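# Descriptive structure summary
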Amino acid sequence: MWRRYGDVTFAVIFSVAISLEAIPLGYLTWRLAAGIFGSSGGARLGSVLLGAVGSTTAALLLVTSYVLAYQHVSARHELDRAQRRQQWVARWLGVLSGAAAEPAGSLETEAVEALLALRETLRGSESARVAELLERHGAVVELERSAEHGSVSGRLDAIVALSNARIPSALMTLVNGVYDSNQLISVASARAAARTLARVDDLFDRDRGASALARAMETQELPYGIVEEVVVLAEESATSLIAVLLQHERPRAPTVRAAIDGIGRLKLLIFAEEVVPFLTHADDEVRGAALRAVSRLGFLSEASHGVVIAALADEVDFIRIHAATAARLLPPTQALSLLSDRLGDRSWWVRRAAADALVGLGPAGLAQLGRAAREHADRFARDMAEQALRDQISNLVRAVVA
Amino acid sequence: MSMFEAVLAALGVVTIVYFAVLSLLYGAFALIGLRAVILESRQTSDTELRDLMERDVFKPVSIIVPAFNEERSIVAAVRSFVTLHYPKFEVIVISDGSTDGTMDRLIEAFALVEEPRVWARTLSTEPVTRVMRSLRDPGLIVAEKANGGKADAVNAGINLARYPLVAPVDSDCLLDAQAILRATRNFVKDDSMIAVGGTVRPLNGATVVGGRATALRMPRRWIERLQIVEYARAFFLGRAGWSRMGALLIISGAFGIFRRDAVIKVGGFWTETLGEDMELVMRLHKEFARSGLPYRIVFSPDPICWTEVPSDLPTLLRQRSRWHRGLLTNLWRHRDMLCNPRFGRLGMFAVPFFWLFEGLGPVIEVVGFTSLLVSAALGILDMQVFWLFLGLAVLHGMVLSQVAAGVEAMLLQRYPSTSDRLILFAASLVEFLGFHQLVAVERFLATFQTGARRRRWGAMTRTGIPSEPSPPSQVAASSRR
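For clarity, every value in this text was computed on a predicted model and none was experimentally measured.

### A short note on helix 10 (residues 224-233) of chain A
All names here are of chain A.
- Counting buried positions along helix 10 yields 10 of 10 residues, so the element is predominantly enclosed.
- When helix 10 is considered as a whole, its buried residues turn out to be Tyr-224, Gly-225, Ile-226, Val-227, Glu-228, Glu-229, Val-230, Val-231, Val-232 and Leu-233.
- Where helix 10 terminates, the next one or two residues include Glu-235, which has phi positive at roughly 50°.

Okay, structure coming up:
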């Protein structure tokens, strides 16, 4: 989307340009405020203005020259770099297949970029060998150093590169980055750490890394969305991470919610029982997440039936919505009856969720919808049931047309 | 010195000080905006976007397309929306009492069939007369309603929307394939996000293939070129700067994404203004600040929306007049925010700035420059001072335009040739040698027409977006009604 080079230099040049403008303008404002104007002040005002025009012209020339040079140079530069990167990809593939010799010493930027691209593309042992190459040639150490020091933009670039490299040895550097006071660095590091954690095979290292990452996220109080993303990005290591997050002494509600949502999204049945206590959590958002997780896991223990049934009558709309979705996991007769009742809920969204859940119950649910469309005491429930049935017909027609 | 001369002298001083302060402020915003763009460009990597798509961490979106007599562009626009690169979304087109062939074109192109439908009538709107679904695109819904204006049409779309995020998009716009993904990323990152605005770039001159702007070329007409500079300056410097300061007052009506519950909470778009986009953002700020709820409204330079800009002067001036009347209506409606510390930076800085430099700016500009001119003609002001001041104003504007053009050059999809860059440079010169002044006069006149002609769609003559998926065709944008 963006060219990530030359922009910082441009900002510096613009800062100089703005300063060139600001000094005479500031002086001008001050002089005018001091009451200089009219025939006697004309000459002095003129000289200040002349200075301002001169410095602004210099600013304009400076900025324009840079923009024109950037346009011209970047086009050629990108072409050259793309060619060199391609050459490096070919060479690395040769190295991996044993057809070419491994280059000696440190690598140029394009060589590292080619390796990072291969690390993303290749799988299994070849990908592991790419990781070895990155480490052996010092690219990882160099990226770690750039991720820790320098300008924010440079550090972000290095963190993204490490995120693509997913080298387990860089995990702790990335976890340390989560503690950074700059939220951009903190969030980028958390994401990169999660992606790296996903590639940690050793169980002990995985638990240690997960624990460190969870602690860092809690300390930094990262928002729900980021924690959820981190959990999902951790892939197979997510179980370790979720376990640590849920076992935290006093976990924050957003963290718990993110961990539970992660359980649902990754369909981690191993945590099915862990979700149950959160179905009655004091925080509405956490309860909602627990109901969502139950629906996604497709598992509802018998002991939790009562909780879901109670949630169907909750005062909070979105709890009833999630409860309606989860209610399809109740025994069929009970589910049909309860969902049919919810078709008459005061909230349109709950009615819609109940209708969708009935559709999800298959022929029995559709039959119930048919009955509700004809006989339900509530007009809105009849309308919603009819709508859900119509949607099913539309889907069939669409499938036929397709 | 006579009274008349003293008044002229005072006006001159006010004008020069006003210009100096404005220039310094614009410079500062530009610097802040540039920094925001640099950081934003590194925040969202391609890997991150791929992760979002692959790992199901995204929020579904309802794209709402209000349309009134858009038979020339509607099919191409809708086709571009239904083929967006996003895992879960729906497109809701609201024909707001169109009297041309808008509905017929849509019915034919997307195999629409009428379907009785129940929906939550949360926001009150003019009656929806029919709802149609596409047999080809399962995510496409088209509704027809009685004419009520753009805001009313968007409100009807919000009622029909099923997803937690709503994205009103103009029907003469195209979106980049990843625009929705990049914009919604902000909602995943931050729970308190309630609205995100994207960048709007002129489509004129671009090559469009399959509903996407694929290659950029300078349009033929200068009036279109001037708007390229204007848009770049407004979005890459202005809005990015305001957003960075946490005081963004405008999300373009052409493309923005809002949390549906937040919009409903404040009562939806207000139908009695010509600037419903800005009004909604101001109301969101106000209501959320009052309720003490954490919230964020940001501009993100990454999601890009392409729009067809006016290619003739009368249309452009009408558009600017409408925008300015909308701005003043909104500022007046929310005058309680002015210098109100309760609203923090917004109340103490952004709203006063908009009053002084945007709302009343054209008045000060026109009256001030006229007074300087008269002063110079009468010999009260040294003629050399007058010319120097004029030169300074032009040069300052050019610097900002060049910075904006520089940001544009950093986009992967930019005007590719050095000659295009030179044309942009020339455009930034031409802009301040007549064009800017012309627009200022139009806005000056609009100041005294505020309050009139509400609830109308802005009439804009269009060429229309090419709808053929291939071969590449150019938006000539020259033969308009």
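The rest of the description comes next.
### As for the pattern of salt bridges
- Following the criterion strictly, the structure yields 58 salt bridges over all chains and no others.
- Between A:Arg342 and A:Asp345 there is a salt bridge whose closest N-O contact spans 2.6 Å.
- Judged by relative accessible area, A:Arg342 falls into the partly exposed class, the value being 21%.
- Since its relative accessible area comes to 3%, A:Asp345 is described here as buried.
- The partner of B:Asp261 in a salt bridge is B:Arg259, and the shortest N-O contact between them spans 2.9 Å.
- Looking at B:Asp261, the relative accessible area reads 43%, which means it is partly exposed.

### Quick notes on the pairing of strand 6 (residues 165-168) of chain B
Residue and element names in this part refer to chain B.
- Burial along strand 6 is two-sided: the face carrying Leu-165 and Ala-167 and the face carrying Val-166 and Pro-168 are both buried.
- Two elements, strand 1 (residues 61-67) and strand 6, share 4 bridges in a ladder whose sense is parallel. Residue pairing in the sheet places Ile-64 in a bridge with Pro-168 of strand 6.
- Looking at chain direction, strand 6 and strand 11 (residues 256-259) are connected through 2 bridges and run antiparallel.

### What to know about the interface of chain B and chain A
- On the side of chain A, 79 residues touch chain B, which itself brings 80 residues to the contact.
- Taken together, both faces of the contact between chain B and chain A bury some 7,300 Å²; the carbon and sulfur share is 67%.
- The three residues of chain B that bury the most area against chain A are B:Arg42, B:Val118 and B:Met410, which together make up 12% of that side's buried surface.
- Taking the shortest distance from any N to any O, the salt bridge between A:Asp7 and B:Arg42 comes out at 2.7 Å.
- Remark: the boundary between chain B and chain A carries 27 residue pairs in polar contact (both at pLDDT 80 or more).
- Taken together, the elements giving at least two residues each to the side of chain B that touches chain A come down to helix 1 (3-43), helix 2 (46-54), strand 4 (128-134), helix 6 (179-189), strand 12 (296-307), helix 13 (383-410) and helix 14 (418-447) of chain B.
- Sorting elements by how many residues they give to the side of chain B that touches chain A places helix 1 of chain B first, with 19 residues.
- Grouping the amino acids of the side of chain B that touches chain A by side-chain chemistry returns 47 nonpolar, 13 polar and 20 charged.

### Focus on the confidence of the model for chain A
- The predicted model of chain A has a mean per-residue pLDDT of 91, with 97% of residues at 70 or higher.
- Mean pLDDT values over the elements of chain A span from 84, in helix 1 (residues 7-33) of chain A, up to 97, in helix 7 (residues 171-178) of chain A.

### With respect to the environment of A:Leu122
- Assignment of secondary structure puts A:Leu122 in the loop between helix 3 (109-121) and helix 4 (124-136).
- Not counting residues up to four positions away in its chain, the partners in contact with A:Leu122 are A:Leu96, A:Ser127 and A:Val130.

### Regarding the state of the cysteines
Residues and elements named next belong to chain B.
- Tallied over the entire structure, the rule returns 0 disulfides over all chains.
- Cys-173 takes part in no disulfide bond, and the closest cysteine sulfur, belonging to Cys-305, lies 3.6 Å away.
- By relative accessible area, which is 0% here, Cys-173 ends up buried.

### Looking at the pairing of strand 8 (residues 193-202) of chain B
Residue and element names in this part refer to chain B.
- Across the 10 residues of strand 8, 10 count as buried, placing the element largely inside the fold.
- Of the pairings in the sheet, the one linking strand 8 to strand 12 comprises 8 bridges and is parallel in character. When the sheet's bridge partners are listed, Met-193 is paired in strand 12 with Arg-296.
- Across 3 bridges, the pairing between strand 8 and strand 11 is antiparallel. Bridge pairing in strand 11 places Ala-195 opposite Phe-258.

### Let's talk about unusual backbone geometry
- Even without glycine at this site, A:Glu221 takes up a positive phi of about 50°.
- Counting through the fold element by element, A:Glu221 comes out in the loop between helix 9 (203-220) and helix 10.

### Overview of the side chain of A:Arg119
Residues and elements named next belong to chain A.
- Its place among the elements puts Arg-119 in helix 3.
- Of the side chains bearing the opposite charge, Glu-120 lies closest to the buried Arg-119, which forms no salt bridge; the N-O distance is 6.8 Å.
- Here the side chain of Arg-119 touches Arg-166 through a polar contact of 2.6 Å, landing on its backbone oxygen.
- Beyond its immediate sequence surroundings of up to four residues, Arg-119 is in contact with Ser-127, Ala-128, Val-130, Ala-131, Asn-164, Ala-165, Arg-166, Ile-167 and Arg-199.

What counts and how
Residues numbered from 1 in each chain as written. Chains lettered and ligands numbered in written order. Predicted model: local features only at pLDDT ≥ 70, side-chain atom pairs only at ≥ 80, totals over all residues. Heavy atoms only, no water. Buried < 20%, exposed > 50% of the residue type's maximum accessible area, 1.4 Å probe, protein only. Helix = DSSP H or I, 4+ residues; strand = E, 2+ residues; numbered from the N terminus. Salt bridge = Lys/Arg side-chain N within 4 Å of Asp/Glu carboxyl O. Pairing = 2+ DSSP bridges. Contact = heavy atoms within 4.5 Å. Buried area = accessible area lost by both parts, 1.4 Å probe. Polar contact = N/O pair within 3.5 Å; in protein donor to acceptor, adjacent residues only side chain to side chain. Nonpolar A, V, L, I, M, F, W, Y, C, P; charged D, E, K, R; others polar. pLDDT = per-residue confidence, 0-100. Disulfide = S-S within 2.5 Å. Lys, Arg positive; Asp, Glu negative; His and termini not counted.

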